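Geometric and topological summary
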Amino acid sequence: MDLIPFFDANCMIGRRVAPRPETNLTTEQMVEEMARLGIGRALAVHAYAKEYDPRTGNERATEACLKLSTLIPCYVLLPEQTGEMPGGDALIRYLADGGARAARLYPKEHSYGLGETWCGGLFGTLEEAGAPVLIDFDQASWLELDGALTAHPDLNLIVVRTGYRVDRWVYPMLRRHRGLRLETENYVPHGALEAVTERFGAERLVFGSGMPVWDAGGAMSHVLYADVDEGAKRKIAGGNLEGLLWKPQGDRHV
Amino acid sequence: MSEFWSNARAGNPLRGEVVIDCHTHMGPWFNFSIPKDPWAEGMIAAMDACGIQKVVCAPHVAIGPDAPWGNDLIAEAVRRFPDRFAGYCTVNPNYPERETLDELERHITRGTLRGVKIHPTVHLYPADGLNYRAMWAFANEHGLPVLVHTWESDRLCGPLMFSGIGKEHPKAQILLGHSGASAVGMDQSIQAAREAENVHLDLTASYMPCGMLEVIVASVGADRVLFGTDVPFLDGRPKVGQIASARISDEDKRKIFGLNAKRLFRL
């Protein structure tokens, strides 16, 4: 049988503020590591977009991804009220022009809230366009995420790098919010992938590695050894992310 | 490609290798849900999925409120599944020294358990405190492995504490559980292992910084590094891939996956 293809929802490229030496990979080295392990493609956030300036980082992400076909830009966004980032149709044009197929938010690092006051317009735009948004678990509370998904039931929201103490929080939310997905790296309660697949469906799980900060081989074996059928593994490893990627609608947004 | 990674990448359990998990628990835990069977049968199913032959186990209740009950639970699991389970005798320093000595006598001198487990963080007591004195002396006298929960710079169980303890008890084999957990904690664990030759690094953790295993092996050698998962506190399967995919030799992977544990626990 063919090896299961992997599509990584969670990679970072570019120079970071404080990398450890062993994690300080160039984009080319990271792509080489992906090839060694068998990760075919990855959504890439540029470190500048998190640690310096989102617009500058997003431009760098687009430039890097144009050179490396295995990487797809994931743009870091902000609420539009301060004028640092476009909103509405202009935001959609901004994503399309840069080749971005998903968005990522760092509300804690970037100092804003996820409630309607701050993100109502942004979430509404992404919800209407069908663009997925990734948010790290350490950037928001479950209460904030619950509020966002209640206000925007069609938003596809992927919570990244959760942990092993989360199921009492997350199961009621998976039941209530059809748009909620969990990235699998570090979502490691004993038998978690099987339990979510049985209760809520494999569609709710999206593979990510956290490279180059975190080890990717372990994130992969977590999925490869899961006691779910081959089809479910393929969905988790990449099929679900493929289906969630934003697809610009013809001339309207380009 | 590494034989280990070739197998793991295909989703095949590791076969024909000695794979011994030096750090597991058993049963429920209070502050989060464990979705799949956390008892012996459920653990064996998870072990079989990736090719773990045997685990060394300290049940959750042993590191929690009732060490004697937990020690009985693992002794019973060893009796039922001698090819799949080995056990730690857990001691709780908040109870009289007599209990510690009785448990060690009952389960190690006269019983089947192979090492000692201490958890300074849950027991809120420092690993170098007086109430552990009898345990360290016993472990030293019998040349036992002692698995200690460790965490970066922690006042109760920071890795650097164990170079001194190791030198003071040179026959005890100290396994730094989680290797200090963070990348900095792993740096500290490397330093402790360089300073005391009976200090070993247990890789158990829910994550592994990219490239860190390569740093550890280059720093202390593969003979001092052990595979551990924390099952069922955590899912053990990511750890298999972390080691299998590392940029180290298959010979080193063999030592880490099981040969070191086989030697230390005399399995």
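Residues numbered from 1 in each chain as written. Chains lettered and ligands numbered in written order. Predicted model: local features only at pLDDT ≥ 70, side-chain atom pairs only at ≥ 80, totals over all residues. Heavy atoms only, no water.

So, the packing of aromatic side chains
Basically, it comes down to this: Paired rings are identified among Phe, Tyr and Trp, the last through its six-membered ring, by centres lying within 6.5 Å, and are further divided according to the angle between planes into stacked (under 30 degrees), edge-to-face (over 60) and tilted (the rest). A run of H or I in DSSP counts as a helix once it spans at least four residues, and a run of E counts as a strand once it spans at least two, with each numbered from the N terminus. Accessibility here uses a 1.4 Å probe with only protein chains present; expressed as a share of the type maximum, an area under 20% marks a residue as buried, one over 50% as exposed, and anything in between as partly exposed.
Summed over all chains, the structure comprises 16 aromatic pairs over all chains. With 4.7 Å between their ring centres and 70° between their planes, Phe6(A) and Phe207(A) make a pair best called edge-to-face. Residue Phe6(A) is located in strand β1 (residues 6-13), and its partner Phe207(A) is located in the loop between β8 (205-206) and α10 (216-224); the two are separated by 201 residues in the primary sequence. The pair Phe6(A) / Phe207(A) is uniform in exposure class, with both members buried. Taken together, a centroid distance of 4.9 Å and an interplanar angle of 55° make the contact between Trp29(B) and Phe30(B) tilted.

Quick look at the interface of chain B and chain A
How big an interface is tends to be stated in terms of accessible area lost as the parts join. As a reminder, the rule being used: For this analysis, residues touch if any pair of their heavy atoms sits within 4.5 Å. By definition, the buried area sums, over both parts, the 1.4 Å-probe accessible area that each loses when the two are put together. A side-chain nitrogen of Lys or Arg and a carboxyl oxygen of Asp or Glu constitute a salt bridge if their distance falls within 4 Å.
Taken together, the contact between chain B and chain A spans 47 residues of the former and 40 residues of the latter. Summed over both sides, the interface of chain B with chain A buries roughly 3,500 Å², with 55% coming from carbon and sulfur. Looking only at chain B, the three residues that lose the most surface to chain A are Arg9(B), Cys210(B) and Arg237(B), adding up to 22% of its buried area. Counting the contacts that link chain B with chain A gives four salt bridges. With a closest N to O distance of 2.6 Å, Glu194(A) and Arg237(B) form a salt bridge.

Describing the sheet that holds strand β7 (residues 199-202) of chain B
By way of backbone hydrogen bonds, the strands of a sheet pair with one another, either parallel or antiparallel. Residue and element names in this part refer to chain B. The following threshold applies: For two strands to be treated as a pair, DSSP must find no fewer than two bridges joining them. Structural elements are reduced to axes, namely lines fitted to C-alpha atoms, with helices fitted over the stretch in contact, and the angle between N-to-C directions of any two is expressed from 0 to 180 degrees.
Strands sit in the order β1-β2-β3-β4-β5-β6-β7-β8 across an open sheet of eight strands; the sheet is parallel. Looking at strand neighbours, the two that pair on one side only are β1 (20-24) and β8 (225-226), the edges of this open sheet. In terms of strand pairing, β7 meets β8 through two bridges, oriented parallel. Across the sheet, residue Asp 202 finds its bridge partner in β8, namely Leu 226. The strands that helix α8 (residues 161-168) touches are β5 (145-149), β6 (173-177) and β7; relative to β6, the one it contacts most, it runs at about 165°.

Regarding the nonpolar core
Note the threshold: Among the buried residues, those of types Ala, Val, Leu, Ile, Met, Phe, Trp, Tyr and Cys that are joined through side-chain atoms within 4.5 Å form a nonpolar core.
Judged by nonpolar contacts, the single largest core of 141 residues is most densely connected at Leu77(A), Leu126(A), Tyr187(A), Phe85(B), Ile118(B), Trp136(B) and Ile256(B). If near-sequence neighbours (up to four positions away) are discounted, Ile118(B) is found in contact with Val91(B), Ala127(B), Tyr132(B), Met135(B), Trp136(B), Val146(B), Leu147(B), Val148(B) and His149(B). If you look at the next biggest cluster of nonpolar residues, it comprises 19 residues, including Cys74(A), Tyr106(A), Val160(A) and Leu245(A).

Focus: the state of the cysteines
The condition is simple: Criterion for a disulfide: a pair of cysteine sulfur atoms at a distance within 2.5 Å.
Counted under the stated rule, the structure contains zero disulfides over all chains. No disulfide involves Cys65(A); its nearest neighbouring cysteine sulfur is the one of Cys74(A), lying 9.6 Å away.

Considering the confidence of the model for chain B
Rule in force here: The pLDDT score gives, residue by residue, the confidence of the prediction method on a 0 to 100 scale.
Residue-level pLDDT values for chain B average 98, and 100% of them are 70 or greater. Across the interface, the model reports ipTM at 0.97; the global pTM reads 0.97.

Structural notes on the sheet that holds β8(A)
All names here are of chain A. As summarised here, the arrangement of the eight strands in space is β1-β2-β3-β4-β5-β6-β7-β8, forming an open sheet in which the pairing is parallel. The open sheet has two edge strands with one neighbour each: β1 and β8. Here strand β3 (residues 71-76) pairs with strand β4 (residues 102-105) via three bridges, running parallel. Bridge assignment links Cys 74 to a residue of β4, and that residue is Ala 102.

Focus on the pattern of salt bridges
Within the structure shown, the criterion is met by 27 salt bridges over all chains. Here Glu33(A) ties to Arg247(B) by a salt bridge, and the two come within 2.3 Å at their closest N and O atoms. With Glu33(A) in helix α1 (residues 27-37) and Arg247(B) in the loop between α11 (237-244) and α12 (250-265), the pair connects residues from two separate chains. What makes Glu33(A) buried here is its relative accessible area of 10%. Relative accessible area serves as the criterion here: at 47%, Arg247(B) is assigned to the partly exposed category.

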